[in-house]
Structure formats: C-alpha cells, structure tokens
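The chain contents come next:
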Amino acid sequence: MKLHLLAAISALALSACDKGPNLAQVCDSHPLICQEFKEDNWCKKERTQTIFAGADLQDNPSDQHKYNLLIAYESYAECVSFASQIEHIKLKEKKTRRINNYIKAKERIEQLSQETASSEHPQLLYFHWTRYLNERSLEKFLRLEGSPELETPASQLNLATYYAKRDPDKTLNLLFHALELYQAGDVIDSEIFKSLTTIFTDKKEYKQAYIWLKIMRLYDPEDTDLTEKSLKNYQEAFQLDSDFLDQVADTTLDKIKAGQFHSPNLKG
C-alpha cells in the first residue's frame, strides 16, 4: 500500500505547488475544508494535501478526485497517528487534538470508502482490493488490463504489484511499460526503480540490478532506502564495472525524464 500512497501524494504535492491557487486562496474560498482538522505544528504538509484534494473534489466532483482525497486522508492519518503518540508534559491538549484529528481522518476514509465501493475507476478498484480485499474490485481491475483506462504509469505499477509474486517476467514488462508512459516533466514513482532492482537481483542479473539501483540514487538522492555506501557495497560484492554501468544508468534516466524511454520488450 505504501508505495502507491507515496506516488499519489507526490502527485498531489506537485499539483499544489505548481498549479492553481495557493493555500490561503483555497482557504478563503473553502473555509470549511480548511477547518476540517485542527491546525498543528505536526503533519502540516499532509494536512495541506487534504485541503487541496478536498477543494479539488468540491470544485470538480469525480472519482479521480475522490481517490486523491482518500490517499491524502490516509497520509495524514498515518502521520498524525505517529504524532499523537508523543507526550507533551506542558501541552497535553496537543495530544488530544492530534487524537481527535486522527479519529476524524479515519472516519473520513471510511465514509469515502463506502461512497466509492461500487466505483469502476481503476485506481479506486485497486484501492478497494488492497485495503479491503474486495475480490470483485480486483476482478474488475484485472479485466481492464490492456485497455486505455490502464495506460497510466500508476495503473501499470498497480498491475506489476499484483503480478510480482505470480509472474516476474510479466512484472518486468509492466514496470518498463510504466516508465514508457511518463511524459517529460512528470514526477516519476521511484518505487518502480526499487521493484526493478529487486526482480533483477532475484534473477541474479546483478548488472541490471545495479543499473536500476544507480538510477534510483540519481533520481532521488534523499531516499534513505539507498545510500552511496550501500550502492558501493553492492558494486563491490558482485565485482561490477561501476564506471560503465553508471553511464548506462545516467543515459537511461535521461531518457525516462525526457519521456523517451523504450521498453526492452522482454518476453514473458
């Protein structure tokens, strides 16, 4: 679940920063949405994302915006749940406020989940499968494979996640196709790079695994899952020519970021 959560939140953050009105303007036009959760020094980013997502849904009701709001609520609930566990000796009302915000976020998730239970939207179908193990939603989602509705990086990644333990070769093709679908300037879900690394390591194709590790490091150097030291350790463990492989990684990432990546069309 977490990987899709991160992807969707990244997209929400980009939308909030690069397009449309700022937070103050949104709150002027949607005061009730801004008052939904009591303001706190913790989880500001996550709370802001619920505001933008809620305003989008109110201004333009759609299943896509419902999905975005669900993901924003989940992110906020996860953050504030952690924050609510922190004791404040002098300001214990902060903990109470956070607990109340957490309860309200969970209630909103439940309400919106019930509202979207019969949706045919691909991301909501996958949501109801991963969160509630709704087999009917999964069946509908899988029947959409190969259709225009699933021709998005997010949906291809969802498919890849489903097939990861069932068909590694098919999973590779889906992940590569997800990268093909990115346009220049899009925010790329680095979970794709991690998944490619895992599959190639399992297949003992260590050169390929290193390339995707390096791509992940280049694209998201702040990701704590991979440090320069661990990358170096991987290279040394399998005695890889890092100079050459680093060049391949750099060139490959440039193509992905430019929207010019082409899948190697592996058989599977």
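Quick note: structure is the one above.
Residues numbered from 1 in each chain as written. Predicted model: local features only at pLDDT ≥ 70, side-chain atom pairs only at ≥ 80, totals over all residues. Heavy atoms only, no water.

Trainee: Go over the packing of aromatic side chains with me, naming the residues and quoting the values.
Mentor: Tallied over the full model, the rule gives 14 aromatic pairs. Their ring planes at 80 degrees and their centres at 6.0 Å tell us that Phe193 and Tyr219 sit as a pair that is edge-to-face. Of the two residues, Phe193 sits in helix α11 (residues 191-202) while Tyr219 sits in helix α12 (residues 206-219), which places them 26 residues apart along the sequence. Accessibility expressed as a relative area gives 25% for Tyr219, which makes it partly exposed. Where Tyr206 meets Phe238, the ring centres are 3.7 Å apart and the plane angle is 15 degrees; that geometry is what we call stacked. Residue Tyr206 is found in helix α12, and its partner Phe238 is found in the loop between α13 (228-237) and α14 (242-257); the two are separated by 32 residues along the sequence. A relative accessible area of 23% means that Tyr206 is categorised as partly exposed. (Phe/Tyr/Trp six-rings, centres within 6.5 Å; stacked < 30°, edge-to-face > 60°. Helix = DSSP H or I, 4+ residues; strand = E, 2+ residues; numbered from the N terminus. Buried < 20%, exposed > 50% of the residue type's maximum accessible area, 1.4 Å probe, protein only.)

Trainee: Report on the side chain of Arg217, specifying residues and quantitative values.
Mentor: Counting through the fold element by element, Arg217 comes out in helix α12. Looking at Arg217, its side chain comes within polar contact range of the main-chain oxygen of Leu226, at 3.1 Å. (Polar contact = N/O pair within 3.5 Å; in protein donor to acceptor, adjacent residues only side chain to side chain.)

Trainee: Requested: an account of the pattern of salt bridges, with residues and values cited.
Mentor: Any two side chains of opposite charge can pair, on the condition that their charged atoms come close. The full count for this structure, using the stated rule, is 12 salt bridges. Put simply, Glu120 and Lys140 hold a salt bridge, and the shortest N to O gap is 2.8 Å. In this pair, Glu120 is assigned in the loop between α6 (92-115) and α7 (122-132) and Lys140 in helix α8 (residues 135-143), connecting sequence segments 20 residues apart. Residue Lys194 is joined to Asp225 by a salt bridge in which the shortest nitrogen-to-oxygen separation is 2.8 Å. Of the two residues, Lys194 sits in helix α11 while Asp225 sits in the loop between α12 and α13, which places them 31 residues apart along the sequence. Look at Lys194 and you get buried, because its relative accessible area is 16%. Here the salt bridges share partners, and the residues they tie into one network are Glu191, Lys194, Asp223 and Asp225. (Salt bridge = Lys/Arg side-chain N within 4 Å of Asp/Glu carboxyl O.)

Trainee: How would you summarise the environment of Leu142 if you had to cite specific residues and measurements?
Mentor: Within the element layout of this structure, Leu142 appears in helix α8. Along the sequence, Leu142 and Tyr162 sit 20 residues apart, while their C-alpha atoms lie 9.3 Å from each other. Beyond its immediate stretch of four places on either side in the chain, Leu142 contacts Leu159, Tyr162 and Tyr163. (Contact = heavy atoms within 4.5 Å.)

Trainee: Go over the state of the cysteines with me, naming the residues and quoting the values.
Mentor: By definition, a disulfide links the sulfur atoms of two cysteines through a covalent bond. Under the definition given, this model contains 2 disulfides. With a sulfur-sulfur separation of 2.0 Å, Cys27 is cross-linked through a disulfide to Cys34. On the sign convention where negative means left-handed, the S-S torsion of about -95 degrees between Cys27 and Cys34 marks this disulfide as left-handed. Judged by relative accessible area, which is 21%, Cys27 ranks as partly exposed. Cys34 sits in the buried class, given a relative accessible area of 10%. Residue pairing for Cys43: its cysteine sulfur links by disulfide to Cys79, the two sulfurs lying 2.1 Å apart. Measuring handedness by torsion sign, the sulfur bridge of Cys43 and Cys79 sits at about -95 degrees and is left-handed. Remark: Cys79 occurs in helix α5 (residues 63-84) and Cys43 occurs in the loop between α3 (31-34) and α4 (44-59); sequence separation between them is 36 residues. (Disulfide = S-S within 2.5 Å.)

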